[in-house]
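Listed here are the chains, written in short residue letters.
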Amino acid sequence: MYPLYWTTSKGGIFMRYSYEFKRKAIELFYQGEWPKTPNGVRTDTFHRLIRDWVKLEQLHGSAINKSRGANKYWSPEEKYELVCQVLSGQGLRAVAIVSGINSGQLYQWVHKYKTLGYNGLINKSKGRPPKDCKMKVTKTISPRKLKESEYEELIRLRAEIAYIKAENEVIKKEIALREEKEAARLKAKKQRLLKRSESKDIN
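The paragraphs below set out a description of the structure included in this document. Just so you know, these numbers come straight off a predicted model, no measurement behind them.

## Some thoughts on the overall build of the protein chain
A count of helical and extended segments in the protein chain gives seven helices and two strands. Secondary structure elements in the protein chain, listed N-terminal to C-terminal, are β-β-α-α-α-α-α-α-α. In the protein chain, which comprises 203 residues, the share counted as buried stands at 24%. A sequence separation of at least 24 residues applies to 56% of the contacts in the protein chain between residues at least 6 apart. With the model as given, the accessible surface of the protein chain reaches about 15,900 Å², and the carbon-plus-sulfur share is 54%.

Next up, the structure:
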């Protein structure tokens, strides 16, 4: 059992692991064991990575460790929602695991948003433009009605509304519980008074 290959990166050694390696590591984890830490990698970092693979599999199924969200199309609005979660204080790795994407990808989105704003999250078309202008295909693009700031405000308001709705549900449950306790208290008090009244009549 061994990683698929190593590549150099700006920060040193960047390691990619094969799906078979991940599956074996996860199996050992469930058995209460750890695979041997590869050379050039800190043991605590390696163990944390395996725990991430386990959480991903638990949330999204075993296939997620093959693609890690690489085949999914992420709209700018979806990217912005994840970026907002990170900027609001949630852990980047935790947000990435729940959403089923690579934490490095989410880090890039956060970085692009910080440097370029919402426009940094807009997907750019890939490939070279055709040399012959006659070969260009005219695309029908619907006009964008909202400005960049309005998009951000809309998404922010949606998040706030969802939070307020959830908060209101909690408040409603608390009020209902208090009313139920108060009704039970009044009922018990009424029963005590009734018993006292009956005992006085007997005497």
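## A closer look at the nonpolar core
One finds Tyr80, Leu82, Val83, Ile101, Leu106, Trp109 and Leu121 to be the most contacted residues of the largest nonpolar core, which totals 16 residues. Taken together, the elements giving at least two residues each to this core come down to helix H4 (76–87), helix H5 (92–99), helix H6 (103–116) and helix H7 (148–202). Not counting the four nearest positions on each side in its chain, leucine 106 is found in contact with Leu82, Val86, Leu92, Val95, Ala96 and Ile101. Membership of the second largest hydrophobic core comes to eight residues, among which are Phe21, Ala25, Phe46 and Trp53.

## Digging into the packing of H4 against H5
The interhelical angle for the contact between H4 and H5, taken along N-to-C directions, is 150°, at an axis separation of 9 Å. Relative to H5, the element H4 lies roughly antiparallel. Both H4 and H5 take part in a crossing whose hand is right-handed. Within the contact between the two elements, H4 uses Leu82, Gln85 and Val86 and H5 uses Leu92, Val95 and Ser99. Residues of the contact of H4 with H5, tallied by class, amount to four nonpolar, two polar and no charged.

Parameters and conventions
Residues numbered from 1 in each chain as written. Predicted model: local features only at pLDDT ≥ 70, side-chain atom pairs only at ≥ 80, totals over all residues. Heavy atoms only, no water. Helix = DSSP H or I, 4+ residues; strand = E, 2+ residues; numbered from the N terminus. Buried < 20%, exposed > 50% of the residue type's maximum accessible area, 1.4 Å probe, protein only. Contact = heavy atoms within 4.5 Å. Areas by Shrake-Rupley, 256 points an atom, 1.4 Å probe, with all protein chains shown as cover. Core = buried A, V, L, I, M, F, W, Y, C linked by side-chain atoms within 4.5 Å. Axes fitted to C-alpha atoms, helices over the stretch in contact; angles between N-to-C directions. Parallel < 35°, antiparallel > 145°, perpendicular 65-115°, else oblique. Left-handed = near helix turned anticlockwise from the far one by under 90°. Nonpolar A, V, L, I, M, F, W, Y, C, P; charged D, E, K, R; others polar.

As far as function goes, none of this settles anything; it's purely spatial.
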